[in-house]
Amino acid sequence: MPGSSESRYIRLEGESLRTTFVAIIILTLDLQLSVERIFKSLLGAFPLVSTYLSMSTLGDAGNQPPVSSSHSSPALSVEIRASFELGRMLGSGKVVGRLRMPWNELLSHRHEPFDISLPPVRGVYPSLKLKATIVHACNYQDDALFDLLLTERKLQSLVDCKIARDTDAGHAQFVKYVRRKTVSHLKRAVEHFQSVLDQCPVSHPDHATALTNLAWARLLGYIRNDVEDIDAITSLFRDALSLRSRHHPDHPLSLFNLTVALIWRHSKKSTPGDIREAAQLYHELLPLCPEGTYLRSIAAEKIGVDYVIIGCNKLPIDASDEDIHLRRVVLDLCPLGHRLRPGALDGLAQALNRLARTLQTRFHQHGSIDDLDTSIQLGHEAVFLIPEGHADRVAYLNDLALSLQLRFEHQGKTNDLDEAILLHEEALCLCPVGHQYRDFSLDNLGLALIARFNKRGDIDDITRAISLYREALTLRPPGHPHRDTTLNNLAVALQTRYNKLNVSEDLNETIDLSRESLRLKELDNPGYHATLFNLSSALCSRFTQTQKNEDVEEAITLCQQSLAALSSLHPSRHFSYIWLQRAYMSRYRILHDPADLLLAIENFRLASGHPTQGFPNRIKGALGWVIQAESHQHDSALEAYRVCFELFDSHVMTRSSIISRREAATAFLRARSLPADAASWPWPAVVAGISTQDSSRRPRVGKSELAHNYMELSKLVSDAAQSSATNVDRAAADRAASEYRRLTRQWEAAVAEIRNLPAFSRFLLPPSYEDLQAAARQGPVIILVASQYSCSAVIVPTSGDPHHVPLPSIAVADLKILKDRFTRAIRDSSRMNPRESRTDLIVLLRIIWDQIMLPIVDVLEHVLKLQRRSRIWLCPTAAFTSIPLHAAHPFQTKADRSGKEPCLEDLYICSYTPTLSALIRSRQLMKKRVPPSFVAIGQGQPGAGKGKALLAVDSELELVHKLVPATANRTTISGDEATRAGALSALQQNTWVHLACHGKQDPTQPYDSHFAEFAFLSACHTAVGDEETPDEVIHLAAGLQFSGFKSVVGTLWEVDDAVAKHVVEAFYGYMIGDLKKGGVMDCTRAAWALNCATHAVKTKVPLEQRMIFVHIVLENQFVIRFCISKFHTRLLTTEDVLLCTADYRHLRRKLAMSNFAGTSVI
C-alpha cells in the first residue's frame, strides 16, 4: 500500500428499523474501468422490515491511484442479498434486488437520504434508505483507513471460506429444486447443508443457522413427498430453537420454523400432541411479530395459525388442566372479530364446564371445598362464554347452579342459594313445555326450593317444589332412565312438608315413592345411598306415630346399608350417621333401652366429626347432640358443647370479614344461647371451659424461621381478609375467599408447629383455670351465667377452687322481663321531678338484690370472708349483660332497726370486666408507668340528624380543665377541632382521656354502631351484649379492650346533660385530689373514685342518673360521658375492633398492631 498517495472516499449509509448500515466505497482512477468492489455480509447485514439484507459491489478494486477530477464518473453496481436471520449471516444470502447508479448521480444526493424499493415478498414490500457522502481525502497511512481495509480483507477471507461456499452452494441447489422440482437438486442441497452442519459443532455460532438450512431443505422435500423422515426434520428445528433463547434476535424465527414442521407432521399423521404444541408456540410467537411484518404475514396464513385453531377445536375435550390451558391459548389466538372465535369460545366453555363437573363429582366423593370453589369459578366463566341461544346454555346454567347449591349446603352462604335459584329459573325458562331437557330443569329447581324452604320456612317454596316434581314425573313415565331420581326427590319434598305441617298423607306417599325409587335403582347408582337414608327417615317418622317396631328396625337396616355403600370419606356418610342416630333415638324414646341412647350418641359423634362434610351440617348435628344429651342428662353433653364450639370456630374462620363471620355465627338459632347453656352444665366441669379470649403472646423464639413464618402468615391472612372485604365482584370475592382459606390453613399449620415447642404448648389456646385465677388477685371475679336450663354464678376467688352459686329464683325469661321493665322505668323517671320517689326503679333494684346478688354476697361474706369495701369484679354474660348488677339494693331497714341494710356498692367497690383475660392483661399493663398527659374531648353538636345538641358539654370541659392540675399536661379539644382525625391524634399523644359526646347504637347491627364523632374507637358504653349474640360481649368494654384500653368509666343509658357534671366534678375530686398534697395521677383509683362520687352526689343527682355510671376494667384508663338515646345499648365495632368469640386469632394480630398499646385513658 503506497505511503503518500491520497484518495477521496464516499460514505454510503443504509438505515433500517434495527441498525445503521455503513459501507465506504473507495474510488480510484481504475474504477473508470467499471471494476466493482464486493462488500461482504458481515460488514453490511441489517434488517429490512422482516427481511435481512447485505450489500456488496461486484468485483474487486485492489490498490489503485486516486481518482482524478478530469476523468468521467464511473457507475456503481450494488447487489442486495437477504437472509431470514437477524443474527450472524451464514453465506451471502439470497439476491432480492440490485442497484446500479452512476457515481455522479449518487453523489448528487449528498447528505439527503434516498429510497430504494425492492420486489414484494409474500405481500410485504421491503425498502432501503441510503445516503452517500464524500468523507475526506487523506494519506493511506491513516490508521482508521488502514484498520478498515485490514478488516475488509479479513471479511473477504471469511466469505471465501468453505462454510460460506458450501452454504451458498446449498442455497443455489435448493433454489433450483424449488423451481424445477428435481430431486437430484434437493439431494445436492441437503449434502451441502449437511456438510456445513458437520463443520459447525454445537459450540459454533452458526450451528443454529446450519440446522435451520438443513431442516428447511428436508421439510420442503417432505411436503413434496420426496423425503419421509418428518420426525428428524422436527428435531432439527427444535434443536435450533433450543439454541436461541427468548432474548436471541432469531428466537421468533425459530418458533415459526418449528410450528411449520409440527403443522405438516400433524397434517400427515394427525398427532394431537403436534397441534397442541403448535398452538403454544403460536401463542408465544404472535406477540413478538408486529402487524405488517413479514413473519406475521406468513404466520397468519391459513396453513398457519388458522390451521392450528381449527385443529385444536376438533380435539376431544378431556377437561384436564392442560386441556383448559390449551383452549385459553386458542381463544387468545382468536381476537374479537376473528372468524374462528365462536368455535374457540365454545371449545373453552365446554372444557371449563366439563372440568367443573369433574370437580363437582370429586367434591361429592371427598368433600374438598377447594374443588367446589374451583368448580364454581369455572362454571361462572363457562356461562359467561356461552352465548344466548346456544343449545348447551341450559346445561351450563344447571351445572353452575348445582355447584352453588352444594356450596350453600357446605358453607351456609345464602347468596349462593339465591344465585342457584336464579340460574335454575333461567334454565327452566329456556326449557318450555316440550323441550327435551325440561324434566332436568324441573328437578333441579325443585331441589333448590326445598333448600330455601328449610332455610327460610316459606311454605310457597315447598308447595312449588312439589308441583315441579309432579310435572317432572309426568315427563319421566315408567321405563324412563331417570324416573327413580324424580321419585326420590318428590319423596324428599313431601317429607319436608310433612315435617312442617304434619300431614299424614304426605308421609305415606313419601314412603311409597321412596320404595318405588329404591326398586328402580341399581346398587351402583350414585344416588342409591340417598334413597336408603331418605326412606329410613320416613320410616322413623311413621314409627314415632304408630310405634310399629318393624318400621324402626327397617330404618336402622337401611341406614346401615347406606353406610356400607359409601366410602369412608364420602361426605354423605354424615347424613347416614344422622338418620341412624335418629332411628336409635326414636326407638329409645319408646323402649327406653340405654343401649339405643349410647348408639344414638355415638352416631352424633361420628356425624359431627365427619371431616368431609361441610361445617353447617356438622354444626347442626352437634347442636342436635347437645339437645339430646341435655334432655337425657347424658355425660357426653360437655363433649357435645366442646365440639360445637370447635366447629363454630372453624366455620366462622372460613369467612374473611367480620360481618360475614357474625352472620355465620348467628345463622343457627340454637347457637345464640350455646355458651351460656354450656356454662350452666354442672359447674365443676364448666371451670375448665371458663375461657375468655385466651393467651395471646407471640412466639418468642428469637429470630428463628418459625417465628418469622408465623408473623409473615399472620400478616398475609390479615391482608387477605381486608382484600376480600373490599371485593364487590362475585367471582373475585370467591377467588379471594379461596385464597384466604388457603392462607388460614398455612397459618394453622404454623401455629401447630409452634405448639410443639415445650414452652408454647398452650400458644393461642384458652388459658387454664390456674392462669385465669390471676384475674382475682385483687378481689374475686363473679361470672354470671344465664341459659335456658338455669341461671347461676361462678365466683373465682383469690385462691382455691371456684364457687358455684345457683340462682334458682331467676330464669332467662325473668331477665328479659327485667330488661324491658328497666327500659320503661328509666324512661318514666327521666320525666319525673328529682324529688319524686322512683318506686318502679326501687322495686327492680330490690329484685336484683334478692334474686341475683344476695346469694352471691352470702358466699362472699360467709364463705370467702371478704372484707367490706373490698374490690369485686362483675363479669356478666348473655342476658345478665342487660342488667345493672352494680346497683342492686335491698331498700329495707335492718332487723334491729339500727339503720338501712347496705346495698352492693356500700359493701364492695364494683367494677365490670368483659373477660378474665382482659383483667389479667390490664394488671400487667398497670405495672408500666408513664408520665401522665390529659386531654378532654367534647362534641356537643353532632350534626343534622345525629341527635340533639349537648348544651352542657362546654361547661363540663371547662370544669374538667379546672379540676385537672396543670402538672398533668392538660389540653382540651372541642367544637370544630373535635373531629375523628383530631380525636385520634389526641388519643395517640395522651395517656388520660375524657370524652363528652353523643353515641349511637344499632341493636340489630352492632358493628355499625359508633361514637357519633369518633367512630375509629368503635365503642358503645356498657357491658351489654347484642340481641343476637349476647354471649360475645359486644359492648363498649370489649371494644375498648381490643383497642388497647385498661379501664373505663362510662354510662349505661341516656344521661341528663346538665346533671352529669355533678358526677364528673365529684369523680375528679376523689380521683386526683391527692395531687395537691404531692400525690401522683393513679388510674387504679378510678373504681374507688367513682364509688365515692356516686355516694357524694346522692342529694344532687336522682337515682336513675347515679346508677348509670359504671367502671369497666380494660387495658387503658378512660372516662367517657356521652349521651345514648336508648337504654342498654351495645358495643359497636369497626374494622379496627374485632370482637367475636371465634375471632380471637385475628384479634391477637390486631392487638399487636394497636395504636393505643401504651395509652392509659380515663
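Computed from a prediction, not measured in an experiment: that's the story for all the values here. (Residues numbered from 1 in each chain as written. Predicted model: local features only at pLDDT ≥ 70, side-chain atom pairs only at ≥ 80, totals over all residues. Heavy atoms only, no water.)

Chemist: Would you mind going over the overall build of the chain with me for this structure?
Modeler: Looking only at helices and strands, the chain features 43 helices and 20 strands. Relative to its full complement of 1162 residues, the chain shows a buried share of 55%. Of all intrachain contacts in the chain linking residues separated by at least 6 positions in sequence, the fraction that spans at least 24 positions is 70%. When the accessible surface of the chain is summed, it comes to about 50300 Å², and 53% of that surface belongs to carbon and sulfur atoms. (Helix = DSSP H or I, 4+ residues; strand = E, 2+ residues; numbered from the N terminus. Buried < 20%, exposed > 50% of the residue type's maximum accessible area, 1.4 Å probe, protein only. Contact = heavy atoms within 4.5 Å. Areas by Shrake-Rupley, 256 points an atom, 1.4 Å probe, with all protein chains shown as cover.)

Chemist: How do you make sense of the packing of helix α15 (residues 393-411) against helix α25 (residues 615-631) when you look at a structure like this?
Modeler: Helix packing geometry: the angle between the two helix axes and the distance between the axes. Interaxial distance between α15 and α25 falls to 4 Å at its minimum, and their mutual angle equals 40 degrees. Between α15 and α25, the angle falls in the class oblique. On α25, the residues that touch E409, H410 and Q411 of α15 are F615, P616 and N617. Across the contact of α15 with α25, the residue classes break down as two nonpolar, three polar and one charged. (Axes fitted to C-alpha atoms, helices over the stretch in contact; angles between N-to-C directions. Parallel < 35°, antiparallel > 145°, perpendicular 65-115°, else oblique. Nonpolar A, V, L, I, M, F, W, Y, C, P; charged D, E, K, R; others polar.)

Chemist: How do you make sense of a nonpolar patch on the surface when you look at a structure like this?
Modeler: Together, I459, L501 and V503 make up a nonpolar patch on the protein surface, roughly 210 Å² of accessible area in all. Along the polypeptide, L501 turns up in helix α19 (residues 483-501). The class of L501 is partly exposed, set by a relative accessible area of 45%. (Patch = residues over 30% accessible without salt bridge, like charges linked within 9 Å, V, L, I, M, F, W, Y side chains within 5 Å. Salt bridge = Lys/Arg side-chain N within 4 Å of Asp/Glu carboxyl O.)

Chemist: What is the right way to read the side chain of S536 from this model?
Modeler: Note that S536 resides in helix α21 (residues 528-546). By relative accessible area, which is 0% here, S536 ends up buried. Those residues within four positions of S536 in sequence are excluded, and the remaining contacts are A555, L558, C559 and W579.

Chemist: What am I meant to see in the confidence of the model for the chain here?
Modeler: Detailed reading of the predicted model is not advised wherever pLDDT is low. Confidence along the chain averages 75 in pLDDT terms, with 72% of residues attaining 70 or more. Segment residues 136-142: pLDDT under 50, and 21 contacts once partners within four positions in sequence are set aside and those in other chains are kept. (pLDDT = per-residue confidence, 0-100.)

Chemist: Honestly, the nonpolar core in this entry has me stumped. Any pointers?
Modeler: The nonpolar side chains of a soluble globular protein tend to be buried, and buried together. In terms of nonpolar packing, the biggest core is built from 87 residues, with F256, Y282, L285 and V308 touching the most fellow members. Discounting chain neighbours no more than four positions away, the residues touching F256 are W216, Y282, L285, L295, I298 and A299. Grouped together as the second largest cluster of nonpolar side chains are 75 residues, L784, L860, F1067 and V1097 included. (Core = buried A, V, L, I, M, F, W, Y, C linked by side-chain atoms within 4.5 Å.)

Chemist: What is the right way to look at the pattern of salt bridges in this model?
Modeler: Close approach of charged atoms allows side chains of opposite charge to pair. Tallied over the full model, the rule gives 29 salt bridges. E1104 is the partner of R838 in a salt bridge, and the nearest nitrogen-oxygen pair spans 2.9 Å. On the criterion of sequence distance, the pair formed by R838 in the loop between α33 (812-829) and α34 (839-863) and E1104 in helix α42 (residues 1103-1106) is long-range, its members being 266 residues apart. One exposure class covers both R838 and E1104, and it is buried.

Chemist: In this structure, what is going on with α21? I would like to understand it.
Modeler: Because each turn of an α-helix spans 3.6 residues, side chains separated by three or four positions in sequence point in the same direction. When the terminal C-alpha atoms of α21 are compared, their 27 Å separation across 19 residues agrees well with the 27 Å that a helix rising 1.5 Å per residue should span. Among the 19 residues in α21, 15 count as buried, and that is most of the element. Positive phi appears at Q547, one or two residues downstream of α21, with a value of about 60 degrees. (Expected span 1.5 Å × (residues − 1).)

Chemist: Help me understand the packing of α21 against helix α22 (residues 549-564), please; the structure alone is not making it clear to me.
Modeler: Between α21 and α22, the least distance of the axes is 8 Å, while the angle of their chain directions is 160 degrees. Looking at the two axes, α21 sits roughly antiparallel to α22. Between α21 and α22 the crossing geometry is left-handed. Contacts from H529, L532, F533, L535, S536, L539, C540, R542, F543 and T546 of α21 reach α22 at N549, D551, V552, E554, A555, L558, C559, Q561 and S562. Each residue belonging to the contact of α21 with α22 can be placed in one class, and the counts come to ten nonpolar, six polar and three charged. (Left-handed = near helix turned anticlockwise from the far one by under 90°.)

Chemist: Teacher, can you tell me more about a positive patch on the surface here?
Modeler: A grouping of K176, R179, R180 and R188 is seen on the molecular surface, where their side chains present a positively charged patch. The biggest single contributor to the positive patch is helix α4 (residues 162-180), with three residues. Mapped onto the elements, R180 comes out in helix α4. Looking at R180, the relative accessible area reads 55%, which means it is exposed. (Lys, Arg positive; Asp, Glu negative; His and termini not counted. Charge placed at Lys NZ, Arg CZ, Asp CG, Glu CD.)

Chemist: For this particular structure, what's the right way to read the side chain of H266?
Modeler: Mapped onto the secondary structure, H266 falls in helix α8 (residues 251-269). For H266, the side chain forms a polar contact with the side chain of Y307, separated by 2.8 Å. Apart from the residues lying within four places of it in its own chain, the contact partners of H266 are T271, D274, I275 and Y307. (Polar contact = N/O pair within 3.5 Å; in protein donor to acceptor, adjacent residues only side chain to side chain.)

Chemist: Teacher, can you tell me more about unusual backbone geometry here?
Modeler: Trans peptide bonds make up the majority, and among non-glycine residues the majority have a negative phi. In this model, S270 sits at a positive phi of 55 degrees, which is unusual for a non-glycine residue. The exposure class of S270 is exposed, given its relative accessible area of 52%. Phi angles above zero are rare outside glycine, and N502 is one such case at about 60 degrees. Considering the arrangement of structural elements, one finds N502 in the loop between α19 and α20 (504-520).

Chemist: What is the right way to read the pairing of strand β12 (residues 870-876) from this model?
Modeler: Successive residues of a regular strand alternate their side chains across the two faces of the sheet. Within β12, seven of the seven residues are buried, which leaves the element mostly enclosed by the surrounding structure. Pairing of strand β9 (residues 781-786) with β12 involves four bridges; the strand directions are parallel. What sits directly across from I782, in β12, is L874. Pairing of β12 with strand β13 (residues 908-912), which is carried by five bridges, proceeds in the parallel orientation. Paired with R871 across the bridge in β13 is I909. (Pairing = 2+ DSSP bridges.)

Chemist: I tried to follow the pairing of strand β14 (residues 934-938) on my own but got confused; where do I start?
Modeler: Here β14 lies mainly inside the structure; five of its five residues are buried. Neither face of β14 is open: one carries F934, A936 and G938, the other V935 and I937, and all of them are buried. Across five bridges, β14 lies against strand β15 (residues 970-974) in parallel orientation. Counted as the bridge partner of V935 is T971 from β15.

Chemist: I keep staring at helix α26 (residues 637-652) and nothing clicks. Help me out?
Modeler: The terminal C-alpha atoms of α26 lie 22 Å apart, and with 16 residues this matches the ideal 22 Å at 1.5 Å per residue to within 8%. All buried positions along α26 are accounted for by A637, A640, Y641, V643, C644, L647, F648, D649, H651 and V652.

Chemist: How do you make sense of the packing of aromatic side chains when you look at a structure like this?
Modeler: Pairs of aromatic rings are described using the distance from one ring centre to the other and the angle between the two planes. Counting across every chain of the model gives five aromatic pairs. Ring geometry for W216 versus F237: centroids 5.7 Å apart, planes at 75 degrees, classification edge-to-face. Here W216, found in helix α6 (residues 207-223), pairs with F237, found in helix α7 (residues 230-242); they are 21 residues apart in sequence, far enough to count as distant. On the basis of relative accessible area, F237 is assigned to the buried category, the value being 1%. An angle of 35 degrees between the planes, with centres 6.1 Å apart, marks the rings of F533 and F575 as tilted. Remark: F575 occurs in helix α23 (residues 573-591) and F533 occurs in helix α21; sequence separation between them is 42 residues. Stacked on the ring of Y177, the Lys or Arg R224 has its end atom at 4.9 Å from the ring centre. (Phe/Tyr/Trp six-rings, centres within 6.5 Å; stacked < 30°, edge-to-face > 60°. Lys NZ or Arg CZ within 6 Å of the ring centre and 35° of its normal.)

Chemist: Could you clarify how one ought to interpret the state of the cysteines in this entry?
Modeler: Within the structure shown, the criterion is met by zero disulfides. C334 provides the cysteine sulfur closest to C312, a residue in no disulfide bond, and the two sulfurs are 9.5 Å apart. (Disulfide = S-S within 2.5 Å.)

Chemist: What should I look at first to understand the environment of D392 in this one?
Modeler: Along the chain, the position of D392 falls in the loop between α14 (369-385) and α15. Placed 42 residues apart in sequence, D392 and Q350 show a C-alpha to C-alpha distance of 8.9 Å.

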